[in-house]
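# A closer look at the structure
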Amino acid sequence: MNKIMNRPDSFVDESLSGIVLAHGDALKFAQGDHRSVVRADAPVAGKVAIVTGGGYGHLPVFLGYVGKGFCDGVAVGNVFTSPSCDAIVDAARAANGGAGVLFLFGNYMGDTMNFEMAAELLDMDDIPTAIVKAADDIASAPRATFQDRRGVGGIFFPYKLAGAKAERMASLDEVRGIAESVCANVATLGFSMSSCQLPGMPKPIFEISATEMELGMGIHGEPGVERTTMKSSAELAEILSEKLCADLAVKEGDEVAVLVNSLGATSKEELYILYNDFHACLERRQIRVEKVFVGEYATSLEMLGASVSLLKLNEEFKQLLSDSACTPFVRV
Amino acid sequence: MNKIMNRPDSFVDESLSGIVLAHGDALKFAQGDHRSVVRADAPVAGKVAIVTGGGYGHLPVFLGYVGKGFCDGVAVGNVFTSPSCDAIVDAARAANGGAGVLFLFGNYMGDTMNFEMAAELLDMDDIPTAIVKAADDIASAPRATFQDRRGVGGIFFPYKLAGAKAERMASLDEVRGIAESVCANVATLGFSMSSCQLPGMPKPIFEISATEMELGMGIHGEPGVERTTMKSSAELAEILSEKLCADLAVKEGDEVAVLVNSLGATSKEELYILYNDFHACLERRQIRVEKVFVGEYATSLEMLGASVSLLKLNEEFKQLLSDSACTPFVRV
Amino acid sequence: MYQIDDVKGAINRVAQAIREHRDYLGELDGKSGDGDLGLSMENAFDAVQSTADEYAGSSIAELLTKAAMNCNRAAPSTMGTLMSAGILSVAKAAKGKDAFSDEDVVGLPRAFAEAIMARGKAKLGDKTILDALLPLADTLEAEFAKNRPLKEAFAAAAQTAKTAAEATAGMRAAIGRAKWLGERAAEYPDGGAILCAVIAETLAQ
Amino acid sequence: MYQIDDVKGAINRVAQAIREHRDYLGELDGKSGDGDLGLSMENAFDAVQSTADEYAGSSIAELLTKAAMNCNRAAPSTMGTLMSAGILSVAKAAKGKDAFSDEDVVGLPRAFAEAIMARGKAKLGDKTILDALLPLADTLEAEFAKNRPLKEAFAAAAQTAKTAAEATAGMRAAIGRAKWLGERAAEYPDGGAILCAVIAETLAQ
Ligand SMILES: Nc1ncnc2c1ncn2[C@@H]1O[C@H](COP(=O)(O)OP(=O)(O)O)[C@@H](O)[C@H]1O
Ligand SMILES: Nc1ncnc2c1ncn2[C@@H]1O[C@H](COP(=O)(O)OP(=O)(O)O)[C@@H](O)[C@H]1O
Ligand SMILES: [Mg+2]
Ligand SMILES: [Mg+2]
Ligand SMILES: [Mg+2]
Ligand SMILES: [Mg+2]
């Protein structure tokens with residue numbers, strides 16, 4: 001196991017301890033719960049709090065999006081495992097500034113059940129909550145039932161835009177509305193060339209040869225659309241742009257934001273080669289790129305691979321996108 | 001080869017094209033030279049220009065440090081290969097705001113020869129230059145001859161502090177002075193658990209088994225102090241803190257800045273486990289951590305591993321450290 | 001009658017069996033999901049076992065309620081959360097009792113399955129743990145109704161669970177991570193169903 | 001006399017030999033450095049060869065000056081830069097001449113080595129290309145002085161270069177990346193020295 005760690009069963013707790021030590025000016029544990037982290041200035045009075053959460057091993061997803069202009073709190077599970085209902089409740093209580101809490105997380109069964117249980121408990125304390133689930137991976141279900149999709153790297157956009165909306169002191173309903181409409185307009189497709197290993201497990205999650213790639217891979221190693229021989233960047237850009245544009249019905253003259261994301265081990269050098277080709281594909285279709293994000297935005301430990309997310313823009317999205325936002329992990 | 005690319009021989013050029021497409025608001029090619037990139041607002045009149053450069057494959061080193069508060073221009077070589085003298089000259093000409101140019105780069109033979117040739121050429125145009133080489137890898141030479149060391153991730157600190165000094169409109173001599181004194185007070189030690197593969201080469205640079213690690217590895221895969229069985233994070237923190245503190249003669253009551261850097265594939269989750277342990281080591285020695293940076297600051301393509309750099313602080317360093325600085329890759 | 005010490009003994013045996021099958025469960029889960037089923041069940045039953053070890057009282061219901069809470073805290077994955085709901089249903093069945101009768105025990109798998117269905121909204125045929133657990137409950141109830149001794153009825157039910165779990169190979173998942181894969185994960189049996197078979201076999205011994 | 005076409009022919013043969021040894025040179029460089037020696041020499045000689053292919057003029061000096069510039073641009077690594085300095089020294093030796101005489105050729109390795117020393121500041125025994133190139137120059141000059149025909153003298157010199165390059169195994173590097181490794185890289189021969197032997201062998205044929 002080529003990981004920097006001490007014991008598998010303290011992997012998450014020691015990592016979180018390091019994060020709060022390194023970024024004590026920006027983050028703090030909530031209510032003494034070491035699986036629950038909120039902005040250092042939480043609760044922000046009168047602001048809708050956005051609380052997220054999910055399994056560990058995807059940094060900056062989820063904890064890395066806690067900060068001004070993004071989320072207010074996070075509940076952290078074990079590696080690739082949903083957080084406990086307790087941790088969600090603690091984060092929500094500590095983040096709630098009196099205007100209610102939006103639970104914004106990726107569409108997975110374990111997370112859904114725990115966030116729903118937390119919402120029931122908070123309801124007993126008269127803390128209003130709303131739930132929005134990012135479901136952006138086009139490899140996992142067709143557009144018609146997009147809400148069944150698994151949530152992957154495209155969650156960046158609902159974080160960013162709902163975060164900006166909340167920062168502008170909108171109501172819980174308005175923030176939920178933005179989050180929902182962003183989720184309906186984000187599509188992501190990824191691919192990977194290697195697996196990753198859970199701390200404490202003897203083998204990688206799956207096997208893949210050096211000449212193959214998995215198209216449509218999920219961020220926990222869930223297999224995707226197909227396994228194929230390794231494609232060139234230009235071929236990948238062609239496939240991704242084709243599928244993403246079709247999914248969102250993006251056409252000539254439309255404006256989009258693009259997120260090119262490394263799954264962990266793939267270098268930034270390569271991401272930009274992919275963006276270079278992807279940009280050419282959009283240009284050919286006469287689609288205007290308003291904003292581009294390239295880097296590590298949602299990872300799967302040390303997996304080799306990348307994903308591209310597309311957000312179809314409207315005027316309000318553009319404005320919210322341009323608001324500044326900053327956490328110890330991500331600044332835009 | 002599990003890389004996102006088209007052809008090995010266009011790896012660097014396509015990647016640079018993608019970077020300038022994605023970040024056209026912040027970066028531009030210099031003088032039509034596609035291996036030479038400067039800030040979009042270059043030249044900044046009256047400001048000392050800092051020009052860096054080196055082999056590709058280390059992002060954000062070197063190109064990623066071009067931006068306000070860091071460097072003004074960069075010359076980009078092939079993967080792990082120094083840039084050409086031409087590219088350096090082009091970057092310097094485009095960045096020069098009339099106050100001279102500081103060449104700040106890592107101590108390697110190829111880079112040194114090419115920056116020296118460039119300085120000779122610029123001298124003929126009456127553009128004053130100064131050279132400072134980061135030489136921070138304590139695995140490569142003893143403190144007594146620290147200027148023989150290879151330059152690794154600790155170059156972040158001279159970039160940051162000399163960059164801040166230049167932004168405050170100091171003279172070339174003053175900026176060079178800060179860069180030199182920072183270089184004398186930075187020490188780095190790294191380790192790695194896997195190799196990386198140059199685009200176009202059939203095999204990784206070196207072989208290492210899944211249970212071994214290389215202590216003191218350079219950022220091009222140069223072997224280090226010793227090959228040993230994989231150590232725990234706590235053991236690594238102990239070794240690194242011991243050696244780094246000894247090298248810089250950091251003692252009780254001193255203040256430091258810490259940089260925990262991933263060599264590429266190692267996850268942020270793990271970096272924070274290492275920081276958690278490293279922090280405890282410094283605390284035990286009663287050394288105060290003024291500022292911490294954790295993430296990808298100098299990489300080796302998709303290598304697994306990390307490095308820790310320590311900067312011994314004084315009052316001026318602390319002030320320069322707190323100035324804001326921002327590039328498309330790094331914001332502090 | 002089954003006393004609190006029998007319940008604790010059963011917990012210990014199940015926890016041990018899960019530790020032994022950890023890597024296999026992880027591997028199966030990796031075929032269609034994220035590979036964490038083994039690890040998270042280990043965490044879940046470590047927590048349940050510690051709860052049992054530390055519990056000094058005499059109420060089965062109280063012990064199992066605590067165990068259910070600690071199970072969710074230690075392993076809030078899909079299966080951990082469903083397992084916790086199931087354990088809570090057993091706790092409810094124990095309410096006001098000092099011990100479980102044979103009749104009580106026969107009713108537990110059904111209660112467990114219903115708790116899982118209430119929380120997870122899956123049904124028979126979706127390729128989940130239910131595809132082993134519901135047949136298990138059916139056999140157990142049917143065999144016991146034929147006046148077979150509980151031990152024998154349970155052994156038959158465990159056998160049914162095993163066969164049913166293996167028969168999930170070839171099914172297409174209609175829920176959870178495996179659903180996203182459609183045909184691609186069909187050839188492997190469902191990890192949750194196999195887990196059910198492992199637990200049933202352990203309890204039958 | 002060696003005309004411009006002979007020079008071009010030599011360039012083609014060397015470029016071909018380097019392509020064939022690319023991976024081996026990279027591997028050797030990886031033992032003590034960054035593994036790019038093969039790739040960067042391939043780039044360097046691809047550039048030199050294209051320069052020769054495209055050059056339609058008749059001046060050896062002009063051809064080699066262009067080749068030196070393109071070599072540095074294509075491969076500005078340590079060896080690429082030193083190689084470019086070396087080629088420039090050959091260009092200087094050709095200045096004002098239509099062709100190289102045998103005497104001219106005998107003097108070229110020494111000039112090449114001196115250009116490398118001027119730029120890189122290394123000396124004999126530092127475990128670099130010089131440890132093959134200087135012995136090569138010595139043998140070539142000595143054998144030619146004994147009135148052996150150039151072809152034979154060159155063959156002897158290539159043999160010396162090969163032996164000397166292999167003998168760098170066991171030496172401790174005093175400069176460049178390999179220096180940082182001390183004892184650890186000592187057992188392998190120096191990639192630059194082997195490169196010199198490969199080039200010499202190719203030219204001797
Ligand atoms: N809605 C559901 N109802 C019942 N069982 C389910 C449901 N969804 C998934 N499962 C079961 O859970 C197992 C996976 O559990 P686990 O690995 O904890 O899930 P995850 O990693 O997706 O959170 C599956 O093999 C299946 O048996
Ligand atoms: N100062 C020097 N003078 C002469 N040769 C040198 C010098 N430094 C290194 N070399 C030679 O260069 C070779 C490595 O070349 P190269 O891989 O291009 O270097 P790098 O990757 O360090 O830039 C070494 O094997 C050695 O023969
Ligand atoms: Mg899971
Ligand atoms: Mg090199
Ligand atoms: Mg799972
Ligand atoms: Mg080299």
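Residues numbered from 1 in each chain as written. Chains lettered and ligands numbered in written order. Predicted model: local features only at pLDDT ≥ 70, side-chain atom pairs only at ≥ 80, totals over all residues. Heavy atoms only, no water.

### Regarding the overall build of chain A
Stated formally: Only DSSP runs of H or I with at least four residues qualify as helices, and only runs of E with at least two residues qualify as strands; both kinds are numbered from the N terminus onward. We compute the radius of gyration from the C-alpha atoms alone; for a globule the expected value is 2.2 Å times N to the 0.38, where N is the number of residues. The buried label goes to any residue with under 20% of its type's maximum accessible area, the exposed label to any with over 50%, and the partly exposed label to all in between, with areas taken from a 1.4 Å probe on protein chains only. Whether two residues are in contact is decided by their heavy atoms: any pair within 4.5 Å suffices. For accessible areas, the Shrake-Rupley method is used with a probe of radius 1.4 Å. Any residue's cover is judged against the shown protein chains and nothing else. Under the counting rule used here, the positive set is Lys and Arg, the negative set is Asp and Glu, and His together with the chain ends is not counted. Where a charge lies is defined by one atom per residue type, namely NZ (Lys), CZ (Arg), CG (Asp) and CD (Glu).
Secondary structure summary: chain A contains eight helices and twelve strands in total. Its C-alpha atoms give chain A a radius of gyration of 19 Å, within 12% of the compact-globule value 20 Å for 332 residues. Judged by the C-alpha coordinates and their principal axes, chain A covers about 50 × 50 × 35 Å. Sorting the 332 residues of chain A into buried and exposed places 69% on the buried side. Across chain A, the fraction of contacts at a sequence separation of at least 24, relative to all contacts at a separation of at least 6, is 73%. Here chain A displays about 9,900 Å² of accessible surface, and carbon together with sulfur accounts for 49% of that area. Within chain A, one finds 29 positive and 44 negative side-chain charges whose respective centroids are separated by 3 Å.

### Some words on the site of ligand 2
The criterion, for reference: One heavy atom suffices: a residue is near a molecule or strand as soon as one of its heavy atoms comes within 4 Å of it. Definition of a polar contact: a pair of N or O atoms within 3.5 Å, with one able to donate and the other able to accept a hydrogen when the atoms are protein atoms, and with sequence-neighbouring residues admitted only if both atoms are side-chain atoms.
Near ligand 2, the surroundings consist of 19 residues, among which D34(D), D36(D), T78(D), R177(D) and D190(D) are the closest. Ligand 2 sits at the junction of chains B and D, each of which supplies nearby residues. One of the side-chain N or O atoms of D34(D) is found 2.9 Å from an oxygen atom in ligand 2. Between an oxygen atom of ligand 2 and a main-chain N or O atom of G192(D), the distance comes to 3.1 Å.

### Looking at the coordination of the magnesium ion (ligand 3)
Spelled out, the test is: Each metal's donors comprise the N, O and S atoms found within 2.8 Å of it (within 3.2 Å for Na, K or Ca). Water is not part of the atom list, so some coordination spheres may appear incomplete.
Around the magnesium ion (ligand 3), the protein contributes the donor atoms F80(A) (O), D34(C) (OD) and D36(C) (OD), at 2.1 to 2.7 Å from the metal centre. Between the two metal centres, the magnesium ion (ligand 3) and the magnesium ion (ligand 5), the spacing is 3.7 Å, with D34(C) acting as a shared donor. With F80(A) in the loop between β4 (73–79) and α2 (85–95) and D36(C) in the loop between α1 (4–32) and α2 (37–54), this residue pair bridges two chains. Taking relative accessible area as the criterion, F80(A) reaches 3% and is therefore assigned buried. The class of D36(C) is buried, set by a relative accessible area of 7%.

### Section: the interface of chain A and chain B
One frequently used descriptor of interface size is the decrease in accessible area upon assembly of the parts. Spelled out, the test is: Once two parts are joined, some of their accessible surface, as seen by a 1.4 Å probe, is lost; buried area is that loss totalled over both. Take a side-chain nitrogen of Lys or Arg and a carboxyl oxygen of Asp or Glu: if they are within 4 Å of each other, that pair is a salt bridge. Ten residues, namely Ala, Val, Leu, Ile, Met, Phe, Trp, Tyr, Cys and Pro, are considered nonpolar, four, namely Asp, Glu, Lys and Arg, are considered charged, and the remaining ones, Gly among them, are considered polar.
Taken together, the 53 residues of chain A in the interface contact 53 residues of chain B. Summed over both sides, the interface of chain A with chain B buries roughly 4,500 Å², with 59% coming from carbon and sulfur. In terms of surface lost to chain B, no three residues of chain A exceed N2(A), I4(A) and E269(A), which account for 19% of the buried area on that side. The partner of E296(A) in a salt bridge is K268(B), with the nearest N and O atoms 2.7 Å apart. Taken together, the links from chain A to chain B amount to 24 residue pairs in polar contact (both at pLDDT 80 or more). Every element with two or more residues in the side of chain A that touches chain B is listed here: α1 (11–22), α6 (233–248), α7 (268–284) and β11 (288–295) of chain A. No other element matches α7(A), which puts ten residues into the side of chain A that touches chain B. Partitioning the side of chain A that touches chain B into residue classes produces 27 nonpolar, 16 polar and ten charged.

### Examining the relation of the copies chain A and chain B
In plain terms, the rule: For the least-squares superposition of copies, only C-alpha atoms count, and only for residues with pLDDT at least 70 in both.
Between chain A and chain B, the superposition needs a rotation of 180° and an axial shift of 0.0 Å, giving an RMSD of 0.0 Å. What the rotation and shift describe, once combined, is the action of a two-fold rotation axis. Within chain A, the C-alpha atom positioned nearest to the axis of rotation is that of A265(A), 1.9 Å from it. Most of the interface of chain A is mirrored in chain B, where 100% of its interface residues are also at the interface.

### Quick notes on the site of ligand 1
Not every one of the 19 residues close to ligand 1 is listed here, only the nearest: D34(C), S77(C), T78(C), R177(C) and D190(C). The environment around ligand 1 is built from residues contributed by chains A and C. One of the side-chain N or O atoms of D29(C) is found 3.1 Å from an oxygen atom in ligand 1. One of the side-chain N or O atoms of S77(C) is found 2.9 Å from an oxygen atom in ligand 1. For ligand 1, whose accessible area on its own is 570 Å², the fraction buried by protein is 93%. Take the shell around ligand 1: its biggest share by element is three residues, from helix α4 (residues 78–94) of chain C. For the shell around ligand 1, the per-class residue count stands at eight nonpolar, six polar and five charged.

### Some remarks on the packing of aromatic side chains
Residue and element names in this part refer to chain A. So the rule is basically this: Side-chain rings of Phe, Tyr and Trp, where Trp is taken by its six-membered ring, are said to pair if the distance between their centres is within 6.5 Å; with planes under 30 degrees apart they count as stacked, over 60 as edge-to-face, and otherwise as tilted.
Enumeration according to the criterion identifies 26 aromatic pairs over all chains in this entry. Aromatic side chains F157 and F293 sit 6.1 Å apart centroid to centroid with 70° between the ring planes, which places their arrangement in the edge-to-face category. On the criterion of sequence distance, the pair formed by F157 in helix α4 (residues 156–167) and F293 in strand β11 is long-range, its members being 136 residues apart. Here F157 and F293 have matching classes, each one buried.

### Points about the coordination of the magnesium ion (ligand 6)
All names here are of chain D. On the protein side, the magnesium ion (ligand 6) has D29 (OD), D34 (OD) and D36 (OD) as donor atoms, found 2.1 to 2.2 Å from it. The sequence pattern describing where the donors of the magnesium ion (ligand 6) fall on their chain is D-x4-D-x1-D. Between the two metals, the magnesium ion (ligand 6) and the magnesium ion (ligand 4), the spacing is 3.6 Å, and D34 donates to both. Like D29, the residue D36 is buried in the burial classification.

### Focus: the domain arrangement of chain A
All names here are of chain A. We apply this condition: The split of the chain into domains comes from an automatic or database domain assignment.
When cut into domains, chain A gives domain 1 (8–183) and domain 2 (186–322). Every contact between the two is made by 34 residues of domain 1 and, on the other side, 39 residues of domain 2. In total, about 3,000 Å² of surface goes out of reach between domain 1 and domain 2, with carbon and sulfur atoms giving 67% of it. Taken together, domain 1 and domain 2 are joined by three salt bridges. Residue D247 pairs with R143 through a salt bridge whose shortest N-O separation is 2.8 Å. Counting across the interface, domain 1 meets domain 2 through 15 residue pairs in polar contact (both at pLDDT 80 or more).

### Concerning the environment of Y2(C)
Residue and element names in this part refer to chain C. The residue Y2 is located in the segment before α1 in this model. A C-alpha to C-alpha distance of 31 Å links Y2 and Y24, two positions 22 residues apart in sequence. Once residues within four sequence positions are removed from consideration, Y2 is found in contact with I60, A99, F100, D102, V105 and L150.

### Thoughts on a positive patch on the surface
We count it as follows: Only residues above 30% relative accessible area that lack a salt bridge enter a patch, with like-charged residues linked at up to 9 Å and the nonpolar side chains Val, Leu, Ile, Met, Phe, Trp and Tyr linked at up to 5 Å.
Residues K291(A), R331(A), K291(B) and R331(B) make up a contiguous surface patch of positive charge. We classify K291(A) as partly exposed; its relative accessible area is 30%.

### Focus on unusual backbone geometry
Residues and elements named next belong to chain A. The step from A42 to P43 runs through a cis peptide bond, and the omega angle for that step is -5°. Here P43 shows up in the loop between β2 (33–39) and β3 (49–56). Looking along the chain, the bond that leaves V61 and enters F62 is cis, with omega of 5°. Among the structural elements, F62 can be located in the loop between β3 and β4.

### Focus on the environment of D34(D)
The residue D34(D) is located in the loop between α1 (4–32) and α2 (37–54) in this model. Relative accessible area serves as the criterion here: at 1%, D34(D) is assigned to the buried category. For the pair D34(D) and A178(D), spaced 144 residues apart in sequence, the C-alpha separation works out to 9.5 Å. Setting aside chain neighbours within four positions, we find D34(D) in contact with F80(B), L198(B), I205(B), H220(B), D29(D) and R177(D).

### Re the arrangement of the chains
Taken together, the three pairs of chains in contact show their highest number of contacts between chains A and B. The least C-alpha distance between chain B and chain C, which are not in contact, is 18 Å. One finds no contact linking chain C with chain D; the least C-alpha distance across the pair is 36 Å.

### Points about the packing of helix α5 (residues 102–120) of chain D against helix α6 (residues 130–145) of chain D
Residues and elements named next belong to chain D. Short version of the rule: Here the axes come from fitting lines to C-alpha atoms, over the contacting stretch only for helices, and the angles between their N-to-C directions go from 0 to 180 degrees. Throughout, the term roughly parallel applies to angles under 35 degrees, roughly antiparallel to angles over 145, roughly perpendicular to angles from 65 to 115, and oblique to all others. Handedness of a crossing follows from how the near helix is turned relative to the far one, being left-handed for an anticlockwise turn of less than a right angle and right-handed for a clockwise one.
At a minimum axis separation of 9 Å, α5 and α6 run at an interaxial angle of 155°. If you check the angle between α5 and α6, you find them roughly antiparallel. For α5 against α6, the interelement crossing comes out left-handed. Here D102, E103, V105, V106, P109, R110, F112, A113, I116 and M117 of α5 come into contact with α6, specifically with L130, L133, L134, L136, A137, D138, L140, E141 and F144. Taken together, the residues of the contact of α5 with α6 sort by class into 14 nonpolar, no polar and five charged.

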